[in-house]
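Inside the fold
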Amino acid sequence: MGDRELEFVKEAFDTNWIAPVGPHVDAFEQEFCQVTGASHAAGLSSGTAAIHLALQLVGVEYGDEVFCSTLTFAATANPITYLGAKPVFIDSDRTSWNMNPELLRQALELRARQGKLPKAVVVVHLYGQSADINPILEACNRYEIPLIEDAAESLGATYKGRSPGTFGRIGIYSFNGNKIITTSGGGMLVSDDAQLVAKARFLATQARDPAPHYQHSEIGYNYRLSNVLAGIGRGQLRVLNDRVAARRRNFETYACALANFPGIEFMPEAAYGRATRWLTCLTIDPAAFGASREQVRLALAEQQIESRPVWKPLHLQPVFADCECIGGEVAENLFARGLCLPSGSNLTTEDLERVIQAITAVYSDTCKTHTSLFII
Ligand SMILES: *Cc1c(COP(=O)(O)O)cnc(C)c1O
């Protein structure tokens with residue numbers, strides 16, 4: 001936490017706004033628009049809830065198909081199934097790890113010829129880096145397919161100087177505990193279309209018709225953000241730039257120490273924007289490095305250092321086993337060799353040094369093994 005959050009929370013208590021509406025929610029939405037350049041925003045209970053509403057608002061219905069990045073967290077695609085629609089997954093490109101725009105373009109062209117266009121496209125901005133939005137948006141616009149941007153992991157990043165999440169029909173963000181800023185739990189839905197955002201607020205508050213009694217003409221949800229948590233969010237927005245700087249510093253420290261090891265490659269930063277390095281991710285080529293990603297992960301775990309494999313592509317998840325995937329080899333390869341290192345904004349130089357030492361030790365050990373084999 002920064003130093004303003006408690007003040008805002010206390011204000012919520014003092015004014016007795018302990019509710020899923022209130023002045024902090026309104027202010028958080030406005031300040032979020034200022035920070036991201038979004039036109040309109042609705043504070044919600046989670047990023048997942050925001051994706052659910054976004055899909056419904058662009059008209060996704062039972063039996064529809066939705067194109068979706070495959071290399072991501074399950075929460076990107078789960079809401080597609082809440083609506084009875086079906087995801088079709090799209091592979092990543094090697095330069096950004098995000099959705100391959102050319103694959104998307106080809107797939108939409110083919111589907112247009114078959115008369116089987118998807119109802120929406122969900123593009124993910126992964127690990128703090130924007131996808132290559134312009135060609136993706138161009139491909140969607142050609143067939144008038146709404147683009148939903150899942151920027152849950154990439155608040156604070158830029159694409160050609162602007163915030164990912166503000167280009168498509170709807171963008172969503174998350175303030176879950178693991179994200180770059182957090183309200184413990186929460187999300188935001190943004191759009192240039194004021195009416196769409198108003199409809200999101202309506203659906204998120206149980207779809208109450210304007211009437212003195214409780215009247216409902218639509219099925220709604222309980223998805224609004226708490227005024228207490230919005231107070232935390234307002235404080236967190238004020239330290240977003242510090243958090244981005246801290247995450248980028250983590251990356252620089254890791255990269256300086258490890259980038260020259262044979263077989264280690266860090267997630268590239270695409271030339272079109274600036275990544276937050278929300279997580280520092282790298283790939284390990286076992287033949288060149290002398291140890292696999294799993295061997296490195298386990299060596300770190302032995303020293304109580306938590307690291308994680310890169311997202312398991314959704315087309316490989318048992319729950320999505322019957323879904324189509326266009327391409328898939330790039331994401332599969334990133335999953336097989338990719339590792340996310342400890343990346344918290346509060347890591348100290350000593351913490352980072354300990355991780356670097358542990359990885360260096362794995363490398364030195366494999367060198368020794370190789371050398372002794374030669375001696376024998
Ligand atoms: C965290 C995350 C979500 C879900 O956000 P919640 O606020 O946890 O519901 C969705 N998509 C991606 C890519 C995420 O990392």
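The rules behind these values
Residues numbered from 1 in each chain as written. Predicted model: local features only at pLDDT ≥ 70, side-chain atom pairs only at ≥ 80, totals over all residues. Heavy atoms only, no water. Helix = DSSP H or I, 4+ residues; strand = E, 2+ residues; numbered from the N terminus. Rg over C-alpha atoms; globule rule 2.2 N^0.38 Å. Buried < 20%, exposed > 50% of the residue type's maximum accessible area, 1.4 Å probe, protein only. Pairing = 2+ DSSP bridges. Salt bridge = Lys/Arg side-chain N within 4 Å of Asp/Glu carboxyl O. Domains from an automatic or database assignment. Contact = heavy atoms within 4.5 Å. Polar contact = N/O pair within 3.5 Å; in protein donor to acceptor, adjacent residues only side chain to side chain. Core = buried A, V, L, I, M, F, W, Y, C linked by side-chain atoms within 4.5 Å. Near = heavy atom within 4 Å. Areas by Shrake-Rupley, 256 points an atom, 1.4 Å probe, with all protein chains shown as cover. Nonpolar A, V, L, I, M, F, W, Y, C, P; charged D, E, K, R; others polar. Phe/Tyr/Trp six-rings, centres within 6.5 Å; stacked < 30°, edge-to-face > 60°. Lys NZ or Arg CZ within 6 Å of the ring centre and 35° of its normal. Axes fitted to C-alpha atoms, helices over the stretch in contact; angles between N-to-C directions.

With that out of the way, let us pick up the overall build of the protein chain. Across its full length, the protein chain holds 13 helices and 14 strands. Taken over C-alpha atoms, the radius of gyration comes to 22 Å for the protein chain, in line with the 21 Å a tight globule of 376 residues would show. A principal-axis box enclosing the C-alpha atoms of the protein chain has dimensions of 85 × 60 × 35 Å. For the protein chain, the residues scored as buried account for 53% of the 376 residues in total.

Before going further, it helps to examine the sheet that holds strand 14 (residues 338–340). Spatially, four strands are ordered 9-11-14-12 in an open sheet, and the strand pairing comes out antiparallel. The open sheet has two free edges, formed respectively by strand 9 (264–266) and strand 12 (308–309), since each of these has just one partner strand. Sheet analysis places strand 9 next to strand 11 (residues 281–284), joined by three bridges and oriented antiparallel. Looking across to strand 11, one finds that Ile264 is bridged to Ile284.

Moving on, we come to unusual backbone geometry. Positioned with a positive phi, Asn16 is a non-glycine residue whose angle comes to about 65°. With a relative accessible area of 62%, Asn16 lands in the exposed category. Located in the positive-phi region is Glu144, a residue other than glycine, with phi close to 55°.

Before going further, it helps to examine the pattern of salt bridges. Enumeration over the complete set of coordinates arrives at 19 salt bridges. For Glu218, the salt bridge identified is with Lys199, shortest N-O distance 3.4 Å. One end of the pair, Glu218, is in the loop between helix 7 (194–204) and helix 8 (227–237); the other, Lys199, is in helix 7, and 19 residues separate them in sequence. The partner of Glu294 in a salt bridge is Arg297, with the nearest N and O atoms 2.8 Å apart. Taken together, the residues Glu294 and Arg297, both in helix 11 (residues 293–302) and three residues apart, mark about one turn of the helix. Accessibility expressed as a relative area gives 23% for Arg297, which makes it partly exposed. Taken together, the salt bridges that share partners define one network made up of Glu102, Arg105, Glu109 and Arg113.

A separate point is the domain arrangement of the protein chain. Interface size is commonly expressed as the accessible area that is lost once the parts come together. Assigned domains within the protein chain: domain 1 (5–240) and domain 2 (241–375). With centres defined by C-alpha atoms, the gap from domain 1 to domain 2 works out at 28 Å. Counting residues at the interface gives 46 residues for domain 1 and 39 residues for domain 2. A salt bridge links Asp322 to Lys86; the nearest nitrogen and oxygen atoms lie 3.4 Å apart. Linking domain 1 to domain 2 there are 27 residue pairs in polar contact (both at pLDDT 80 or more). Of all the elements in the fold, those that place two or more residues in the side of domain 1 that touches domain 2 are strand 2 (65–69), helix 4 (78–82), strand 3 (86–90), helix 5 (101–114) and strand 6 (158–159).

Below, the discussion takes up the nonpolar core. Side chains that are nonpolar tend, in soluble globular proteins, to be buried together. Counting residues in each nonpolar core, the largest one holds 36 residues, and the members touching the most others are Leu53, Leu55, Val60, Val66, Ile170 and Leu189. Of all elements in the fold, only strand 1 (40–44), helix 3 (47–57), strand 2, strand 4 (120–124), strand 7 (170–174) and helix 7 reach the threshold of two or more residues within this core. The element best represented in this core is helix 3, accounting for seven residues. Looking at this core, you find at least three residues from each of domain 1 (5–240) and domain 2 (241–375). Contacts of Val66, omitting those with residues within four sequence positions, involve Leu55, Val60, Ile80, Ala85, Lys86, Pro87, Val88, Pro118, Ala120 and Val122. Counting 33 residues, the second largest nonpolar core, distinct from the first, contains Phe32, Ile180, Val244 and Cys340.

In the neighbourhood of the ligand, 14 residues make up the surrounding shell, with Thr48, Asp150, Glu153, Ser174 and Lys179 lying closest. Thr76 is positioned such that a nitrogen or oxygen atom in its side chain is 3.5 Å from a nitrogen atom of the ligand. When the ligand is considered free in solution it has 380 Å² of accessible area, and contact with the protein chains removes 94% of it. Per-class residue counts for the shell around the ligand are three nonpolar, eight polar and three charged.

Tallied over the full model, the rule gives 15 aromatic pairs. Three or more aromatic residues link up through ring pairs in this structure, and these residues are Phe28, Phe32, Tyr173 and Phe175. Directly above the aromatic system of Phe251 lies the positively charged group of Arg277, at a separation of 3.5 Å from the ring centroid. Positioned above the aromatic ring of Phe335, the side-chain terminus of Arg293 is 5.9 Å from the ring centre.

The subject of this paragraph is the sheet that holds strand 8 (residues 187–191). On the basis of which strands lie adjacent, the open sheet formed by eight strands has the order 1-8-7-5-4-2-3-13 and mixed pairing. Lying at the two open borders of the sheet, with one neighbouring strand each, are strand 1 and strand 13 (325–326). Strands in contact with helix 5 are strand 2, strand 3, strand 4 and strand 13; relative to strand 2, the strand with the most contacts, it is inclined by about 165°. Here helix 7 sits on the sheet in contact with strand 1, strand 7 and strand 8, set at roughly 15° to strand 1.

Time to look at the environment of Tyr159. Relative to the helices and strands, Tyr159 resides in strand 6. Relative accessible area serves as the criterion here: at 0%, Tyr159 is assigned to the buried category. Measuring from C-alpha to C-alpha, the distance between Tyr159 and Asp26 comes to 27 Å, with 133 residues separating the pair along the chain. Separated by 3.0 Å, the side chain of Tyr159 and the backbone nitrogen of Asn134 make a polar contact.

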